[in-house]
Structure formats: C-alpha cells, structure tokens
Amino acid sequence: MKKILIILLLLILLPIKIYAVECKSSGHTIMNVYFSPYEGATDAIEAEINDAKKTIRVMGYSFSSPGIIDALKTAHKRGVLVEIILDKSQKTNTVISDMVTVGIAVYLDWKHTIMHNKVMVFDDSIVQTGSFNYSVSAEIRNAENIIIVRKNKCLASVYFSNFLDHKIHSERVQQLLVGEHE
C-alpha cells in the first residue's frame, strides 16, 4: 500500500507529460520504407528536402551527411524555412556553424540526456522518421531504416507539436556561449 501511495504522489508532483495520439488514415496515406546500408534512405531524404516548398523541421542526434546538409542549405537558399534541433553532443560539430552562417536556425537540446529523435517534417504534411541518423555511417555502415508518411495531416501535426515542445527548451546555437553548459 505504501508503494502505491508513493507512486501516486510522484505522479501528481512530477510534471510528466504522458500521451499517445491515434492518427487514423483516411485511406489515402502513402508510406514509403527505406533501409540501409545502400538501399536508398539518404536519396529518399534528399528528395523530400528538394521537394519541400515552405518548411523543413529536423530533429536529430548525429548530423554529418554531406548530401543531406547540402540539400538543407539549398532549400534554405530557395526560401524554405529550415529549423534544426540536435543533441547537445553536436555542439562542436562544424556543420552547425556552417548552417548558422547561411542563416539556418539550429538549436541544441540540453534538457534530455540524449536528443535521439530522427525526424523531419516537410511542409507540415510529410513526416520522415526511423532509426536513421543523418550521417554517412547510417547510409554506408549501419543497419538503419526510415519511413516517409504522406497525406496524414494528423501525424504531421503530432510530430510538429513535438518539434515545438523541444524547440521551447532548446537553445539557439548563435545564442550559446562556448563552455556555457559544461
């Protein structure tokens, strides 16, 4: 009984956000699945980036794929809003300073032990997710996967909402001082 009371007290006092969202398909949802190594995952992600018209929101852990990086820079240059949230371990990644230099908003998530999401939301209507880190190793060495889901606004909305939740507690890179969080 004492254990139950402690658990209930913790659940009341701790600010835990627990939720699950069910997104039903209208029957028109389109899903494409890709694997690696060498089975088209990077090419599929680059194609989605190249097709984006308005927005690309990225949450990732590792970030070093030259093709994905170049595609995001090109999208930004053509007027697409690109926002990226990465794990704090990427703080010294030179790619981040390159992205910031061209005007892309990059944030580091200091709240979580690891920001381990691998998600892109394109034009608030297409979601790419899976185990695939945005890295060279993910394409040529690791066994990884991605799924791209189109025509499911509910799913895109849920991932966009999660992106905003992380953005709120993350810090924009150009606002960080070297060593501030060490």
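Every chain is numbered independently, its residues counted from 1 as its sequence is written. Note on the predicted model: pLDDT of at least 70 is required for a residue's local features to be given, and 80 or more for side-chain atom pairs to be given and counted; whole-chain, interface and lining totals, by contrast, use all residues. Excluded from the side-chain calculation are hydrogens and water; included are all heavy atoms of the structure.

J.: Kindly report on the pattern of salt bridges, identifying the contributing residues and their values.
T.: When a carboxyl oxygen of Asp or Glu lies within 4 Å of a side-chain nitrogen of Lys or Arg, that pair is called a salt bridge. Under the counting rule described, the total for this entry stands at 4 salt bridges. The shortest N-O distance in the salt bridge between Arg-57 and Asp-124 comes to 2.9 Å. Taken as a pair, Arg-57 in strand β2 (residues 55-60) and Asp-124 in the loop between β5 (119-122) and β6 (126-130) lie far apart in primary sequence, 67 residues in all. Residue class for Asp-124 comes out partly exposed when judged on its relative accessible area of 31%. The residue Glu-83 makes a salt bridge to Lys-167 at a minimum N-O spacing of 2.5 Å. In this pair, Glu-83 is assigned in strand β3 (residues 81-87) and Lys-167 in helix α6 (residues 153-169), connecting sequence segments 84 residues apart. The rule is simple: take the accessible area with a 1.4 Å probe, protein chains only, and divide by the maximum for that residue type; under 20% is buried, over 50% is exposed, in between is partly exposed. You can call Lys-167 partly exposed: its relative accessible area is 23%. A cluster of three or more residues bridged by salt bridges with shared partners is formed by Arg-57, Glu-83, Asp-124 and Lys-167. Secondary structure elements follow DSSP: runs of H or I of four or more residues count as helices, runs of E of two or more count as strands, with numbering from the N terminus.

J.: Provide a residue-level description of the sheet that holds β6, including the pertinent values.
T.: As summarised here, the arrangement of the 8 strands in space is β1-β7-β6-β5-β2-β3-β4-β8, forming an open sheet in which the pairing is mixed. The sheet is open, and its two borders are formed by β1 (30-36) and β8 (171-172), each paired with just one other strand. Pairing between β1 and strand β7 (residues 144-150): 7 bridges, direction antiparallel. Bridge pairing links Val-33 to Ile-147 in β7. Across the face of the sheet, helix α3 (residues 66-77) comes into contact with β2, β3 and β5 while running at roughly 145° to β3. In this description, contact between two residues means that some pair of their heavy atoms is separated by no more than 4.5 Å. Helix axes are fitted to C-alpha atoms over the stretch in contact, other axes to C-alpha atoms as well, and angles between N-to-C directions run from 0 to 180 degrees. Sitting on the sheet, helix α4 (residues 94-101) touches β3 and β4 (105-109), and the angle it makes with β4 is about 140°. Between any two strands, pairing holds if DSSP finds at least two bridges.

J.: Explain the pairing of β5 to me, using residue names and the numbers behind them.
T.: Burial along β5 is two-sided: Val-119 and Val-121 and Met-120 and Phe-122, pointing in opposite directions, are all buried. Relative to β5, β2 is paired through 4 bridges, and the arrangement is antiparallel. The residue of β5 that forms the bridge with Val-58 is Met-120. Across 4 bridges, the pairing between β5 and β6 is antiparallel. Residue Val-121 lies in a different strand from β6, and its bridge partner there is Val-127. With antiparallel pairing between neighbouring strands as the criterion, β5 and β6 make up a hairpin whose turn holds 3 residues, including Asp-123 at a positive phi of roughly 50°.

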